Amino acid sequence: MTCPGPVHKTHGSILLLIWKQEMMQGVFVAILTFSLGTAGAAPKYLCTYYDIVDYLNISSHSKLHTYILPKINLEPVEVTLDFMLVAILSVVEKLQTVSFYFVLNLEWQNPFATWNPLDFCNISEIILPMDTYWSPPIFILERVNGQDPELNYMVLTHNGSFNSTRPFQVTLTCSLIILKFPFDTQTCNLSIASFLYPAVTDFVMKTRRTPAEIMKDSQSFFLTDGEWKFTNLSIIEYTETLDDKGFSVVTYLITMERRPTLYILNLILPTCALYLLDMAVLFGPSSLEEKINFQIAIILGSSMLAVILNNSLPTSSNKPPIIVVFFLGTFLLMIMAVLDTFFLLYQQRKSRHLDKVLRGFPQDPQELPKRPPGNLAKGGPQLLHLPKKAQGQGQPTKRLWQLQELDPFLPVLEKVLLYSHLFLSLFFYTVISVKWSS
């Protein structure tokens, strides 16, 4: 009681000491919290994408993350593919190339890019550029030209799942078999591969959906309605061996069918019409000279159609297309019709010449009957009928009888040539039709 001052001074020192200790604890907690935050611990109640980027340390991590395969065990990284054909842009038969527009989806896992959505207000995915993390280095084997996709982003899910959807417009080499042109069906390969990582230990590609599911979605989103129709899709997964190493390859076999309506209207029907006109001229009642003029004009018209066909077909092929055989056969049949007409004209001229020779043959007017002058004015070979006395005079009489038998031979010869030409034409077009339909 006699020393109240020191007591009050002691209580004040104790309170000051306690206050300093609390302050130091608060600073320590703050420092500890700050240090944990910078060490990678998830901040509390942070709800922006920037916070996830900071948590994943994307802004400061090395670019080696984009090149190193995200693999932590002996299992290879599995990449699942999904394909959808959007359009068949062009098919160039001469260059043996096909242009496609399609969408390719890739999905893979990266165990080094994960977070807990509960720490970030349930944010479960984020969109990042393609060069932020490793992405599958794939390319198309048959590609000869094309545009690189402008959509260079990928979706990252909190469990480390990456998803990238990219559109492609590429020109591919394709072995076009045009034997049945324009009633042909083509199958082109689109092979996706990566020859950087062996398939057994590092990198494997798999398809996500069945060909039937891909076919259904592709036909529902198909944009073009031109010359080619998308009919079927098949998938082949295999391992390509190169330098004693196996590499994963996924090949999409795209089957497409040509719509032949335009070629039928522009090439086949006009050629058939010209040939029918040629047959009508051949069987017509016109003179042989007029028939030849018409037939040559028809041949010139068919040659113009052959030039149009030549611009559409490739310059090299193992077998000539059926349409080339069709045009060539039709052209040869037209040439045969002209030759038949020339032959008939030659026989007719020969018969008229022999008739003139016969009329100038010296004969005895007492033994041969006089012919009316009117009969000489008529066209065509007219033979004299000799009496029995003139028939027994030897060789000259025999030659006159041979000339007499020449007249009825011309109509028979003409019918034989015409109908044989008709049957040959029917046989040729039947064979062409069977080959096209088989």
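Keep in mind that this is a model prediction, so the values were computed, not measured.

Visitor: Sorry if this is basic, but what is going on with the overall build of the protein here?
Guide: A count of helices and strands for the protein gives 10 helices and 11 strands. Buried residues in the protein amount to 35% of all 438 residues. For the protein, the exposed area adds up to about 26500 Å²; of that, 63% sits on carbon and sulfur atoms.

Visitor: How should I be thinking about the sheet that holds strand S4 (residues 139–140) in this particular structure?
Guide: Note: strands within a sheet are paired through backbone hydrogen bonds, in either parallel or antiparallel orientation. Pairing within the open sheet is antiparallel, and its 4 strands lie in the order S4-S8-S11-S10. Each having just a single partner strand, S4 and strand S10 (228–242) make up the two edges of the open sheet. As judged from the 14 bridges shared by S10 and strand S11 (residues 245–258), these two strands associate in the antiparallel manner. Across the sheet, Leu 233 pairs through a bridge with Ile 254, a residue of S11. Along the sheet face, helix H3 (residues 211–221) touches S10 and S11 and points at about 140° away from the line of S10.

Visitor: Got a minute to help me understand the packing of aromatic side chains in this structure?
Guide: The description of an aromatic ring pair uses the distance of the two centres, along with the angle that the planes make with each other. For the structure on display, the rule yields 21 aromatic pairs. On the numbers, 6.1 Å between centres and 70° between planes, the contact of Trp 134 with Tyr 197 is edge-to-face. With Trp 134 in the loop between strand S3 (125–129) and S4 and Tyr 197 in the loop between strand S8 (185–193) and strand S9 (203–207), this residue pair connects regions lying 63 residues apart in the sequence. Of the aromatic side chains, those joined through ring pairs into one cluster are Phe 183, Tyr 275, Phe 326, Phe 327, Phe 428, Tyr 429 and Trp 436.

Visitor: In this structure, what is going on with the state of the cysteines? I would like to understand it.
Guide: Two cysteines form a disulfide when their sulfur atoms are joined by a covalent bond. Overall, the coordinates contain 2 disulfides when judged by the stated rule. Between the sulfur atoms of Cys 47 and its disulfide mate Cys 121 the distance is 1.5 Å. Taken together, the positions of Cys 47 in the loop between helix H1 (4–39) and helix H2 (49–56) and Cys 121 in the loop between strand S2 (97–109) and S3 put the pair 74 residues apart, joining distant regions of the chain. The partner cysteine of Cys 174 in its disulfide is Cys 188, sulfur to sulfur 2.0 Å. Sign of the S-S torsion, about -90° for the bond between Cys 174 and Cys 188, identifies this disulfide as left-handed. A residue pair is termed long-range when its members are at least 10 positions apart, and Cys 174 in the loop between strand S7 (161–173) and S8 and Cys 188 in strand S8 qualify at 14 residues. Of the two residues, Cys 174 and Cys 188, both sit in the buried class. Cysteines bonded in the protein are numbered consecutively along the chain; their disulfide partners then correspond to 1-2, 3-4.

Visitor: It is not clear to me how the nonpolar core should be interpreted in this structure. Could you clarify?
Guide: The nonpolar side chains of a soluble globular protein tend to be buried, and buried together. Among the nonpolar cores identified, the biggest contains 75 residues, and Phe 83, Leu 85, Ile 88, Phe 100, Phe 102, Leu 190 and Tyr 252 are the most heavily contacted of them. Every residue in contact with Phe 100, bar those within four places of it in the chain, is listed here: Leu 85, Ala 87, Ile 88, Leu 89, Phe 168, Gln 169, Val 170, Leu 172, Cys 188, Leu 190, Ile 254 and Met 256. If you look at the next biggest cluster of nonpolar residues, it comprises 6 residues, including Ile 292, Leu 344, Leu 345 and Leu 417.

Analysis parameters
Residues numbered from 1 in each chain as written. Predicted model: local features only at pLDDT ≥ 70, side-chain atom pairs only at ≥ 80, totals over all residues. Heavy atoms only, no water. Helix = DSSP H or I, 4+ residues; strand = E, 2+ residues; numbered from the N terminus. Buried < 20%, exposed > 50% of the residue type's maximum accessible area, 1.4 Å probe, protein only. Areas by Shrake-Rupley, 256 points an atom, 1.4 Å probe, with all protein chains shown as cover. Pairing = 2+ DSSP bridges. Contact = heavy atoms within 4.5 Å. Axes fitted to C-alpha atoms, helices over the stretch in contact; angles between N-to-C directions. Phe/Tyr/Trp six-rings, centres within 6.5 Å; stacked < 30°, edge-to-face > 60°. Disulfide = S-S within 2.5 Å. Core = buried A, V, L, I, M, F, W, Y, C linked by side-chain atoms within 4.5 Å.

Just distances and angles here, no functional claims.
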